[in-house]
Amino acid sequence: MESYNRDDIIFALATPWAQSALAVIRVSGEGCRQLLSTSFSRPKALLEAKNATVVHGYLTDGPKGPVLDEVVVAVYTQGHGYTAEEALEFTCHGSLPGLRRILSSFKRLGMRNAEGGEFTFRAFLHGRMDLTQAEAVQELIASQSERSQALALSRLEGSLKQQIQASKEKLLTLLAHVEVQLDYAEDEVDDFTFPRQELEEIRQALALLSSTYAVGRLYGQGARIVLAGATNVGKSTLFNLLLKQDRSIVSDIKGTTRDYIEADCLIEGIPVRLYDTAGLRESLDTIESAGIQKTEQLIGQADLVIFLVDSSEVGHIPPKDERTLIVYSKSDLFKAPEGELAISAQSGHGIRALVAEIAKRLGAGFGSTGDELVIIESERQHLLLSGAAQALGRALTLVDTDVPLDIVAVELGEAMQNLGELTGEVTPADILTKIFSGFCVGK
Ligand SMILES: Nc1nc2c(ncn2[C@@H]2O[C@H](COP(=O)(O)OP(=O)(O)OP(=O)(O)O)[C@@H](O)[C@H]2O)c(=O)[nH]1
Ligand SMILES: [Mg+2]
């Protein structure tokens, strides 16, 4: 993080660069209030404002310069606000030329444009949040579904931090016992029993937290679902039904969809990219054949393939596996084999069951009801948590085979290191750079 000068006063547009009713410009750094009071119609009011209050006035282009905009300024004194340093938030009018004038004027006053993520980085530096919370800010902003937004918010509020902290404290106590034993081993060899049960509990808690990544990623990044099957089985009809709009052309002519169509939707709260594809059949038409090739590529990349079968002429059916759902279509016309999933896109029969099955197949069941469960979304956190759980697993094996304690302590130390990296106490600089770049929404 060398490129960040931590004493500068920084500013950035916090809202998108687009015409809007209002726009917010954030400023942070010691002395920003004094500096900006020289360009404000009510300097005294601004300087004397208490923490977390707002001041109305006019922003001018430097001392005694022309008025740039009528604004409302939220004031945060040192130790408060998002960055925990002196900060101001200007709510201006969202005119692009107006914003351009204000931002240039701020630069002329000697402040500099914030780097992406720099406000969050300062919040982290001042202990306002730990690394899991800083990551949650980005995850919250980027969330694509209500569930992932709610999960990220809970992490921002510290749910993940607390869980890691709890495991860390338990591990630290355990390590302290081991250290004492190592230091005074010669005096007290006999009456030390390794707290195996405690260690197993910590390992389990970390492994469980790590395993929530699959669900977190699903709600955060979404899934690719491909509708496939022979021509005319009703893929486009189902596509339109799931999207709740008429996007894809439906007709009783075989080979209607020749190129694939994709669209985003939510299925049981999961962000899904849905693909309607060209029906699979032997075709002499070069364009249709190219479409079929693309269908095959999409099937290869899908998280889930819904393979529709029209019971009238059952052709090739792929083998069932966890990535392939065989669904019999047009159940209003044909009877599906016993026990198979059947739908009618025309009457709506079976659609609810299909949607539930999709969510189940994607793995959404886990954690969707237990809201007290903290769910992670970051690959970094997943790797560190599973690494810590594995190190504790190895420690347990060593304990069981009566290996000397100092070797066990190495594994415990590794787990401790991972937990420290998770919360940001001992995180290498290059990882911090990665995490804090690209946070700035308005840039
Ligand atoms: N009765 C009945 N007809 C349906 C149902 N679903 C689709 N169809 C009809 O079946 C025909 C083919 O539907 P499409 O959705 O275009 O089929 P497709 O699989 O996309 O076909 P291609 O794009 O040619 O591969 C249309 O005439 C639809 O109205 C259903 O559930 N019941
Ligand atoms: Mg079609």
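This text gives an overview of the structure that appears in the document. No experiment lies behind these values; they were computed from the predicted model shown. (Residues numbered from 1 in each chain as written. Chains lettered and ligands numbered in written order. Predicted model: local features only at pLDDT ≥ 70, side-chain atom pairs only at ≥ 80, totals over all residues. Heavy atoms only, no water.)

### Topic: the pattern of salt bridges
Okay, so step 1: In the structure shown here, the tally under the stated rule is 23 salt bridges.
Okay, so step 2: Here Glu118 makes a salt bridge to Arg112, at a shortest N to O gap of 2.7 Å.
Okay, so step 3: On the basis of relative accessible area, Glu118 is assigned to the buried category, the value being 1%. (Salt bridge = Lys/Arg side-chain N within 4 Å of Asp/Glu carboxyl O. Buried < 20%, exposed > 50% of the residue type's maximum accessible area, 1.4 Å probe, protein only.)

### Some words on the state of the cysteines
Okay, so step 1: Scanning the model with the defined rule gives 0 disulfides in all.
Okay, so step 2: Cys32 provides the cysteine sulfur closest to Cys92, a residue in no disulfide bond, and the two sulfurs are 14 Å apart.
Okay, so step 3: You can call Cys92 buried: its relative accessible area is 1%. (Disulfide = S-S within 2.5 Å.)

### Quick look at the side chain of Asp130
Okay, so step 1: Assignment of secondary structure puts Asp130 in the loop between α4 (118-125) and α5 (131-142).
Okay, so step 2: Non-local contacts of Asp130, meaning those with residues more than four positions away in its chain, are made with Phe124, Lys161 and Thr423. (Helix = DSSP H or I, 4+ residues; strand = E, 2+ residues; numbered from the N terminus. Contact = heavy atoms within 4.5 Å.)

### Focus on the pairing of strand β3 (residues 53-60)
Okay, so step 1: Here 8 bridges tie β3 to strand β4 (residues 67-76), and the two strands are oriented antiparallel to one another. Bridging from a neighbouring strand, His56 pairs with Val72 of β4.
Okay, so step 2: Taken together, β3 and the strand that follows it, β4, pair antiparallel across an intervening segment of 6 residues, in which Gly62 is found at a positive phi of about 75 degrees. (Pairing = 2+ DSSP bridges.)

### Observations concerning the nonpolar core
Okay, so step 1: Counting 32 residues, the largest nonpolar core has Leu171, Phe194, Leu199, Leu206, Leu392, Val408 and Leu412 as its most contacted members.
Okay, so step 2: Looking at this core, the elements with two or more residues in it are α7 (159-183), α8 (196-211), α13 (379-400) and α14 (405-423).
Okay, so step 3: If sequence neighbours within four positions are ignored, Leu412 has contacts with Leu171, Leu174, Leu175, Val178, Phe194, Leu199, Leu392 and Ala395.
Okay, so step 4: Counting 31 residues, the second-largest nonpolar core is a separate cluster that includes Val215, Ile306, Val327 and Ile358. (Core = buried A, V, L, I, M, F, W, Y, C linked by side-chain atoms within 4.5 Å.)

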